[in-house]
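Structural characterization, general
Residue strings, one per chain:
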Amino acid sequence: MAQVTLKNVYKIYPGEKGRDVTAVEDFNLEIEDREFVVFVGPSGCGKSTTLRMIAGLEEISKGDVVIGDRRVNDVPPKDRDIAMVFQNYALYPHMTVYDNMAFGLKLRKYPKAEIQKRVKEAAAILGIEEYLERKPKALSGGQRQRVAVGRAIVRQPKVFLFDEPLSNLDAKMRVQMRTEITKLHQRLQATMIYVTHDQVEAMTMGTRIVVMKDGIVQQVDAPLTIYSEPSNLFVAGFLGSPPMNFLKGSLHSKDGSIFFKEASGGVVELNLGRRPAAEAYVGKEVILGIRPEDCDRPAPDQVPTQNSFEALVDIVEPMGAETYFYIQTGAHTMVSRSHASVDQREAGHRLRFEINVNKAHLFDLATTLRIV
């Protein structure tokens with residue numbers, strides 16, 4: 001396997017009247033040998049373009065891509081020792097599963113016995129041995145995707161590239177294939193780069209996540225680190241379901257503690273405790289971020305604290321193990337994710353909620369960066 005390094009990589013498309021479009025801007029990343037890295041972000045953020053530059057399917061405008069110890073900017077895709085799994089499977093409809101998986105090896109003039117050995121091993125790993133004589137039209141979406149992955153496995157490449165491979169599958173099959181690809185990484189111990197717009201896939205599959213927006217890397221870190229320590233408003237709002245709540249308000253100081261008061265007559269007032277980094281923002285407007293699970297219903301016998309408030313409940317969504325409350329604070333709409341057992345008749349009533357201030361984030365209103 002191999003390390004993959006991107007150094008100051010740009011992708012610039014020529015536009016009309018000399019107005020070039022920068023799809024990827026100054027992308028820098030070192031992907032370690034055997035690491036599973038996920039590129040995530042909204043549509044048009046440049047994640048697939050970056051993957052295609054690594055694969056050699058897109059020309060690099062500026063910068064360098066290095067696989068192992070070789071700069072591959074001018075190396076054709078077939079010579080980069082990578083294997084790519086596409087969103088649309090890209091299987092040959094007139095070939096059997098066996099022939100689809102073997103096709104790349106046949107082109108490279110591998111011995112017949114070696115091809116047979118590799119195809120059967122990959123089929124066993126993916127549980128598709130019984131489908132080897134079928135054609136793609138006789139397979140389900142999940143089975144076709146397994147074949148596409150198998151075709152990559154038989155190549156035994158230095159790097160596996162996945163471009164939104166689960167997008168065309170139904171919800172249940174996506175969950176199943178997600179776990180299959182994770183197990184595949186553990187078994188093969190391969191370097192894998194995976195592109196998705198699905199934050200659940202990013203959080204559950206990657207050893208590291210690269211969050212992108214408008215062609216620019218916003219944050220690179222382990223999934224739980226990004227979730228608990230987002231670098232800016234975009235990252236905080238993009239990862240998490242339901243997304244993080246954002247409240248505009250101002251800070252003031254009293255007895256060494258920082259207090260937050262929601263703007264425009266909102267009911268949320270919090271004692272954030274000692275926050276040295278926030279002292280420079282006293283008297284200024286900031287944005288408070290709080291995840292839905294950190295705004296919960298207090299126990300019925302719990303004495304109200306200064307970090308609790310009453311708010312009007314608009315909608316109650318019982319999810320079984322938990323309940324979502326959509327609440328009006330006066331200035332904002334928030335979502336509370338609670339383990340309390342309730343029914344939908346509580347909609348339209350004022351209920352008490354409590355915020356875990358130890359999990360509250362503050363963001364600079366101008367720069368959108370987290371105040372740490």
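For the structure itself, consult the block above.
Below is a short write-up of the structure. (Residues numbered from 1 in each chain as written. Predicted model: local features only at pLDDT ≥ 70, side-chain atom pairs only at ≥ 80, totals over all residues. Heavy atoms only, no water.)

1. Remarks on the overall build of the chain
Counting its secondary structure elements, the chain contains eight helices and 20 strands. Once the C-alpha set of the chain is aligned to its principal axes, its extents read approximately 75 × 50 × 40 Å. When contacts within the chain are restricted to residue pairs at least 6 apart in sequence, those whose partners lie at least 24 apart make up 66%. By element, 48% of the accessible surface of the chain is carried by carbon and sulfur atoms, the whole surface being about 17900 Å². Between the averaged position of the 48 positive side-chain charges in the chain and that of its 47 negative side-chain charges there is a distance of 7 Å. (Helix = DSSP H or I, 4+ residues; strand = E, 2+ residues; numbered from the N terminus. Contact = heavy atoms within 4.5 Å. Areas by Shrake-Rupley, 256 points an atom, 1.4 Å probe, with all protein chains shown as cover. Lys, Arg positive; Asp, Glu negative; His and termini not counted. Charge placed at Lys NZ, Arg CZ, Asp CG, Glu CD.)

2. A few points about unusual backbone geometry
Of note, the bond from Ser241 into Pro242 is cis; its omega dihedral lies within 30 degrees of zero at -5 degrees. For Gln156, which is not glycine, the phi dihedral falls at a positive 50 degrees. Looking at the secondary structure, you find Gln156 in the loop between α4 (141–155) and β7 (159–163). Assessed through its relative accessible area of 47%, Gln156 is described here as partly exposed. You will see that Ser264, though not glycine, has its phi angle at about 55 degrees, which is positive. By the secondary structure assignment, Ser264 is in the loop between β12 (257–262) and β13 (269–273). Using a relative accessible area of 70% as the deciding quantity, one classes Ser264 as exposed. (Buried < 20%, exposed > 50% of the residue type's maximum accessible area, 1.4 Å probe, protein only.)

3. Quick notes on the side chain of Ser338
Tracing the backbone shows Ser338 in strand β18 (residues 333–338). Looking at Ser338, its side chain comes within polar contact range of the side chain of Asp296, at 2.7 Å. Those residues within four positions of Ser338 in sequence are excluded, and the remaining contacts are Asp296, Arg297, Glu322, Thr323 and Phe325. (Polar contact = N/O pair within 3.5 Å; in protein donor to acceptor, adjacent residues only side chain to side chain.)

4. Considerations on the environment of His252
Tracing the backbone shows His252 in strand β11 (residues 245–254). Note on His252: relative accessible area 36%, which makes it partly exposed. The spacing of His252 and Val268 is 16 residues in sequence and 14 Å in space, taken between C-alpha atoms. Other than its neighbours up to four places away in sequence, His252 contacts Ser257, Ile258, Phe259 and Val282.

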